[in-house]
Structure formats: C-alpha cells, structure tokens
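Listed here are the chains, written in short residue letters.
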Amino acid sequence: MSLTAGIVGLPNVGKSTLFNAITKQKILAANYPFATIDPNVGMVLVPDKRIDELVKMYNPERTIPTTYEFTDIAGLVKGASTGEGLGNKFLSHIREVDAVVEVVRCFDDNNVIHVDGSVDPIRDIEVINIELVMSDLEIVENRITKIEKKAKTTKNKDDLKELEVMEKIRNSLVKNIPVRKLGFDEEELKMISSFNLITAKPIIYVANVNELDIHNGGNKYVDLVKEYANKEKSEVVMISAKIESELAELEEQERVIFLEELGIKESGLDQLIKKTYSLLGLATYFTVGSDEVRAWTFKKGMKAPECAGIIHTDFERGFIRAEVMSYNDLIDCGSELKVRESGKMRLEGKDYVMQDGDICHFRFNV
C-alpha cells in the first residue's frame, strides 16, 4: 500500500536531519532556510520483532519487511498560505500525504539559526497550524461560493448535505479548530476526501532535543509541546535528530551498544515509525514459507479479499478463502504443524476482517 507521512515544520528545526536518519539518505541538511525546496521521498522499514522470529522458524531464502513512505517537505514560514517562502508550493506537497509529522525545535543552540530569532515551540506549532488552517479555509470558502446558490435553488439533497458539511468546516476553521477534530461519519468523510484538507489528516509532534535532554527525559520545551498535544489528543515523540543521524551510520550490533550506553531501550526513530504507522491506521499480516517470509501492510478494517489483493489483484478477484493462524498462536505452539494439531488454524471467508499479526495463505481461482 502506498501511504505517506509528511515531515513538516519551520526552517532549521531538524526536519532534513531527521529524514536523513529515518531513510538513511544523504539529502541536503543545511543551516539556512529553504535548504529543501522539492520534497524528498524515502521508504522506511517498520521495526517489527515478529518478522525476526518468523525468519528463525522458517529460515527463508529471502525476507521482506513492511515499509511505508516518509516525505520531507520544505520549511513553512508565517504567511505560507498567502505565498510567503514559496508557501503555496509547499502546502500543495502536504496535501498529498496521508499523515503529518510536525517537527518542533525544543533545544537551545546559538549556532543554529531560528527563523524567528528565539526558541518557542508553542509559537512555532501555532505558526504552522494557522497556515494549514488558512490554506484549508480558502479551499472550503471557494467550494461554498461555488455550490451555495445551486444548493439553495434546486434543493438537491446531496448538494444541501455538502453545503451543510462545508459550512460546518468553515465555522470550525475560523475558530482555528482543525477538521480532524470534527468527528465526521463515513459518508461525510467520503464527501470531503477529494479536497485533501490538510487539517483533516492525523498529526504527530516530534520534539527535537539535544543529547543531554534525551538523558534527562526531556526539558521545559518538551513539556509545553506535550501539554499542547494532549489538548488535541495528539501524540508526541521526543527525538534527538543528531543522535539518530549518528545511529543511522552504525551496524545493528553497534546500534544496540550505543543505545545501551545512552540508557535507551528503543531509538526515537523506531518509536516515531511505529507511532506513525499506527497513526495512519496501518497493520501488518504475514506470508511465510521456506522461500520467503514477508510482511504486508494493510489498513485496519480491511477484509480478507482486499488484503489478498495487496499481493496480487487476481488473489482478490478469485478469492475463495484464507487459511489463517495468528502470530501469537504460532509462537505459543512452536510450529505450524502444532498449530494445526491444536485446532487453531482457521479457514476464513470473504467477510473476515483481517487482524494485525495474522499469518495467511490465500486460496483463489481465476
């Protein structure tokens, strides 16, 4: 599945350094605004210890973990929604992602320029969020202008419903309330999906700190970000982009030792990747065998035929049933044979809603 999380923030907050570490790519990370102009896209591996256990059990010829995309989007500035700092171009890039990862500077360093001259994470968050709100408001107002007269004249049910939804969104945006907080039903979400409203996308905040703050479990800036995020029921991940960029250069064993020396069980990036994966509403199922152990990404709520179609469209078109066991049952039983003997191997039909950790063999006929 092609789903993307977009990394946004003001210039010089550590976005590109973070992106380099996430994807282990060497894009330009410079100490001046707009070092990034075109969006950089990279695939990331989703950390998942389950696939390591499956590899031990099946000893496959190849292993393919699950992935998704991170997009590094150039720094926004105040006035972006009216075109400041190439803002319209950057905002259009954000519209194309599925979730927003907002990087916030939470460290003091006189050697790193701040676009507004001082460190104030809440001010920075509000600068970004207001620009996103203003950009959405322009789209919504244009749509209302286009359909309002027709809806009220013809009394068409669908047009009136769309007008009602758009007016609800406008009334919220003018109060600086993002669309994601409005709680639309499935029909309403489908109605507004084509507009790619940025504030409808789920968001996670990344508090970028220095190495000392990682040791100390945070600082006053991180506390402010957490308090802000808590009010809108969003999550915060604390990361030192500098440390993560150093970790990205190490081999796995060296990474483990480095993390132990820092007193950290899990890197900030691993936490971010997992939380963003969850934020996107994603889950993982597996296909296993001596030839290949592979993790597949699916959207929570998808049924077995749709998940089969992720492998190949023929699998969905000719779906008969799925042979399913859970990862936990496999580990508890110790082998696929013992799962069968214990009666925990299941045959599921077209209405089966796939679960995270399912191990599947799809039967189909085309």
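On a predicted model such as this, the values are computed, not experimentally measured, just so you know.

A. Representation of the overall build of the chain in the model. Of regular secondary structure, the chain possesses 15 helices and twelve strands. The buried share of the chain, taken over its 366 residues, is 50%. Of all intrachain contacts in the chain linking residues separated by at least 6 positions in sequence, the fraction that spans at least 24 positions is 69%. For the chain, the exposed area adds up to about 18400 Å²; of that, 48% sits on carbon and sulfur atoms.

B. Highlighting the sheet that holds strand S1 (residues 4-8). Taken in spatial order, the six strands make up an open sheet running S2-S4-S1-S5-S6-S7, and their pairing is mixed. Both edges of this open sheet fall to strand S2 (40-45) and strand S7 (235-239), since each of them pairs with a single strand only. For this sheet, the mean angle separating the axes of adjacent strands, direction not counted, is 25 degrees. Note: S1 against strand S5 (residues 99-105), four bridges, orientation parallel.

C. Representation of helix H5 (residues 157-173). Relative to the 24 Å expected for 17 residues at 1.5 Å per residue, H5 spans 24 Å between its end C-alpha atoms, a close match to the ideal helical length. Where H5 is concerned, the buried positions are Asp159, Glu162, Leu163, Val165, Met166, Ile169, Ser172 and Leu173. Residues of H5 that are buried sit in contact with helix H4 (121-154) and helix H6 (186-192). Its side-chain oxygen placed 3.0 Å from the backbone nitrogen of Asp158, Asn156 serves as the N-cap of H5.

D. Molecular detail of the nonpolar core. Grouped together as the largest cluster of nonpolar side chains are 59 residues, with contacts concentrated most on Leu18, Tyr68, Phe70, Ile94, Tyr205 and Leu272. When near neighbours in sequence (up to four residues on either side) are disregarded, Leu18 contacts Val103, Val206, Ile239, Ala241, Leu269 and Leu272. In this structure, Ile144, Ile147, Leu163 and Met191 belong to the second largest nonpolar core, which totals 18 residues.

E. Representation of the state of the cysteines in the model. Inspection of every chain in the model, using the stated rule, returns zero disulfides. Residue Cys307 stays outside any disulfide, its sulfur separated by 7.4 Å from that of Cys360, the closest cysteine. Relative accessible area serves as the criterion here: at 0%, Cys307 is assigned to the buried category.

F. Focus on the environment of Arg255. Among the structural elements, Arg255 can be located in helix H10 (residues 252-262). Between the C-alpha atoms of Arg255 and Glu244, which are eleven residues apart in sequence, the distance is 10.0 Å. Arg255 has contacts with Leu247, Leu250, Ser267 and Asp270, leaving out every residue within four places of it along the chain.

G. Local environment of the pairing of strand S9 (residues 292-299). When you tally the buried positions in S9, you get six out of eight residues, the bulk of the element. As paired strands, strand S3 (residues 62-64) and S9 are joined by three bridges and run parallel to one another. Its bridge partner being in S9, Arg62 is matched across the sheet by Glu292. As defined by bridge partners, strand S8 (residues 282-287) adjoins S9 across six bridges and the pair is classed as antiparallel. Looking at S9, one finds that Leu282 is bridged to Lys299. In this structure, the hairpin formed by S8 and S9 is closed by a connection of four residues.

H. Layout of the packing of aromatic side chains. Inspection of every chain in the model, using the stated rule, returns six aromatic pairs. Taking the centre distance of 6.4 Å and the plane angle of 15 degrees together, the rings of Tyr285 and Trp296 count as stacked. Separated by eleven residues along the polypeptide, Tyr285 in strand S8 and Trp296 in strand S9 bring together distant segments of the chain. Per residue, the accessibility class of Tyr285 equals that of Trp296, and both read buried. Three or more aromatic residues joined by ring pairs make a cluster, and in this case those are Tyr285, Trp296, Phe298, Phe319 and Phe362. Directly above the aromatic system of Trp296 lies the positively charged group of Arg294, at a separation of 3.9 Å from the ring centroid.

I. Region of the structure containing the pattern of salt bridges. Per the stated rule, a full pass over the model turns up 21 salt bridges. Lys152 serves as the salt-bridge partner of Glu148, at 3.3 Å between the closest nitrogen and oxygen. Separated by four residues within a single helix, Glu148 and Lys152 lie in helix H4, roughly one turn from each other. Looking at Lys152, the relative accessible area reads 46%, which means it is partly exposed. Bridged by salt links that share partners, the residues Glu323, Glu336, Arg340 and Arg363 form one connected network.

J. Main features of the environment of Asn171. Structurally, Asn171 can be placed in helix H5. Taking the relative accessible area as the measure of exposure, Asn171 reaches 43% and is therefore partly exposed. Along the backbone, Asn171 and Leu137 are 34 residues apart, and their C-alpha atoms lie at a distance of 9.4 Å.

Reading the values: the criteria
Residues numbered from 1 in each chain as written. Predicted model: local features only at pLDDT ≥ 70, side-chain atom pairs only at ≥ 80, totals over all residues. Heavy atoms only, no water. Helix = DSSP H or I, 4+ residues; strand = E, 2+ residues; numbered from the N terminus. Buried < 20%, exposed > 50% of the residue type's maximum accessible area, 1.4 Å probe, protein only. Contact = heavy atoms within 4.5 Å. Areas by Shrake-Rupley, 256 points an atom, 1.4 Å probe, with all protein chains shown as cover. Pairing = 2+ DSSP bridges. Axes fitted to C-alpha atoms, helices over the stretch in contact; angles between N-to-C directions. Expected span 1.5 Å × (residues − 1). Polar contact = N/O pair within 3.5 Å; in protein donor to acceptor, adjacent residues only side chain to side chain. Core = buried A, V, L, I, M, F, W, Y, C linked by side-chain atoms within 4.5 Å. Disulfide = S-S within 2.5 Å. Phe/Tyr/Trp six-rings, centres within 6.5 Å; stacked < 30°, edge-to-face > 60°. Lys NZ or Arg CZ within 6 Å of the ring centre and 35° of its normal. Salt bridge = Lys/Arg side-chain N within 4 Å of Asp/Glu carboxyl O.

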